[in-house]
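What follows is each chain in one-letter form.
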Amino acid sequence: MRAEFPDFRLGAVLATSFTGTLSERHGEAVERIPTPRRLADWLAIYGLDVRSCTPDQLDLARELRESIHAAATAAALQEPLPACAVRILNDRSGHGRATAMLTPEGKRRWQLGPASALEDALGVIAADAIAVIAGERDGRLALCASPTCRAAFFDTSRSRTRRWCDMNTCGNRQKKARFHANQSRSTTSAE
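Residues numbered from 1 in each chain as written. Predicted model: local features only at pLDDT ≥ 70, side-chain atom pairs only at ≥ 80, totals over all residues. Heavy atoms only, no water.

A. Spatial organisation of the packing of aromatic side chains. Counted under the stated rule, the structure contains 2 aromatic pairs. Ring geometry for F18 and W42: centres 5.0 Å apart, planes at 50°, overall tilted. With F18 in helix 1 (residues 14-19) and W42 in helix 2 (residues 36-45), this residue pair connects regions lying 24 residues apart in the sequence. Plain terms: the ring middles of W42 and Y46 are 4.5 Å apart, the flat faces sit at 35° to each other, and that makes the pair tilted. Among the aromatic residues, ring-to-ring pairing joins F18, W42 and Y46 into one connected group. The ring of F8 has R38 lying over it, and the distance from NZ or CZ to the ring centre is 3.8 Å. (Phe/Tyr/Trp six-rings, centres within 6.5 Å; stacked < 30°, edge-to-face > 60°. Helix = DSSP H or I, 4+ residues; strand = E, 2+ residues; numbered from the N terminus. Lys NZ or Arg CZ within 6 Å of the ring centre and 35° of its normal.)

Rendered as structure tokens:
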């Protein structure tokens, strides 16, 4: 990965990890796929290798990302899904023609078409989002408790009470803020 770009936030769920390529949505937003090459880098991490990506394809990917975020947010809040987001998810899923392949090691690998690799990759992400939002997986959609983040994430913890999209970033930041606030109160009350 190139040092001039922010690190990716990686997770076990493809669709919600993809929405994490834009973080701090309610603060100073951090775009983690600012270039077509960076999108290809992210896709490669998830086994969706594409040789190239155009600026127009990056725009399609970002449109899908925002549609997943909008639909997942609505689902987490138990609100009606935005019609535009549903349309884009269905459209991207329908355009993808990726094939799931089983490796000799027993892992799933995606085979993308040579002429439509990026479209196929977006189709895989959209299909994953549809499965998550439709409740086909064991877990629940939730929103990060950080007021600047509010990322949608998929909670598979035993109690389904996870509060942070990522304990190492948002959770840690909130714990530090609480600690410093408590320290300030202790210092003020001791004076």
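After presenting the structure, the write-up continues.
B. Here's a closer look at the nonpolar core. If you look at the biggest cluster of nonpolar residues, it comprises 37 residues, and the most contacted ones within it are F18, L39, W42, L43 and I125. Where this core is concerned, the elements lending two or more residues are helix 1, helix 2, helix 3 (55-76), helix 4 (83-95), helix 5 (117-133), strand 5 (140-143) and strand 6 (152-155). Residue contributions to this core peak at 10 residues, all from helix 5. What L39 contacts, discounting residues up to four positions off in sequence, is F18, I33, C53, L58, A61 and L118. Membership of the second largest hydrophobic core comes to 8 residues, among which are A142, C149, F153 and C165. (Core = buried A, V, L, I, M, F, W, Y, C linked by side-chain atoms within 4.5 Å. Buried < 20%, exposed > 50% of the residue type's maximum accessible area, 1.4 Å probe, protein only. Contact = heavy atoms within 4.5 Å.)

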